[in-house]
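Topology and contacts: notes
Spelled out from the first residue to the last, the chains are:
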Amino acid sequence: MASQLIDAHRAGAEVANGDDVGKQKCIELLQEIGLPNGLFPLEGVEEFGYNHASGFVWIVQNKKKEHTFKQIKQTVSYATEVTAFVKKGKMKKVTGVKTKELFLWLSLVEVYVEQSSTGKLTFKTGTGLSDSFDASAFELAM
């Protein structure tokens, strides 16, 4: 069931349904805004939407997914509904994504490319904590 936030941005949005096309559209968007193409390693994508005018993007998948980025040993949880506002090099007001720090799951609220440090991707949590990693850790193996 789509949230009210998604419904508010659905008008005028590009919407793709189905796992294969949803994943492809997500990868294309990440590349377009300059973020690593493996940032969202999702499965069972039911819907992907992007409203170009507002910068709002959403992904609905059939079940929650946990993924460990092996290169940096970081576990991330993706809810059935992931949303964000995107622009070049940045994703903000992220919902539905959490990262595991020690024994706590912290909600990610922002992801951006460091302007001063080429090749670094910074993740910011709702608690104000942030951490930077090599962007290559989030690239899909082609």
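Rules used throughout
Counting starts from 1 at the beginning of each chain's written sequence and moves along it residue by residue. Predicted model: local features are reported for residues with pLDDT of at least 70 only, side-chain atom pairs are reported and counted for 80 or more only, and whole-chain, interface and lining totals are derived from all residues. Each side-chain value is derived from all of the structure's non-hydrogen atoms; neither hydrogens nor water enter the calculation. Elements are defined by DSSP. Helices are runs of H or I of four residues or more, strands are runs of E of two residues or more, and each kind is numbered from the N terminus. Note on method: radius of gyration uses C-alpha positions; expected globular size equals 2.2 Å times residues raised to 0.38. We call a residue buried when its accessible area falls under 20% of the maximum for its residue type, exposed when it is over 50%, and partly exposed in between, using a 1.4 Å probe and counting protein chains only. Should any heavy atoms of two residues lie within 4.5 Å, those residues are considered in contact. Only four residue types enter the charge count, namely Lys and Arg as positive and Asp and Glu as negative; His and the chain termini do not. Charged groups are reduced to one reference atom each: NZ for lysine, CZ for arginine, CG for aspartic acid, CD for glutamic acid.

1. A few points about the overall build of the protein
From N to C terminus, the protein includes 2 helices and 9 strands. In terms of C-alpha radius of gyration, the protein reaches 14 Å, essentially the compact-globule figure of 14 Å for 142 residues. Of all 142 residues assigned to the protein, the portion counted as buried reaches 42%. A separation of at least 24 residues holds for 42% of the contacts in the protein among residues at least 6 apart in sequence. Distance between charge centroids for the protein: 5 Å, based on 17 positive and 17 negative side chains.

2. Here we look at unusual backbone geometry
Backbone geometry at lysine 73 places phi at a positive 55°, although glycine is not the residue there. Along the chain, lysine 73 falls in the loop between β4 (65-69) and β5 (74-87). Even without being glycine, lysine 93 reaches a positive phi, approximately 50°. Note that lysine 93 resides in strand β6 (residues 90-101).

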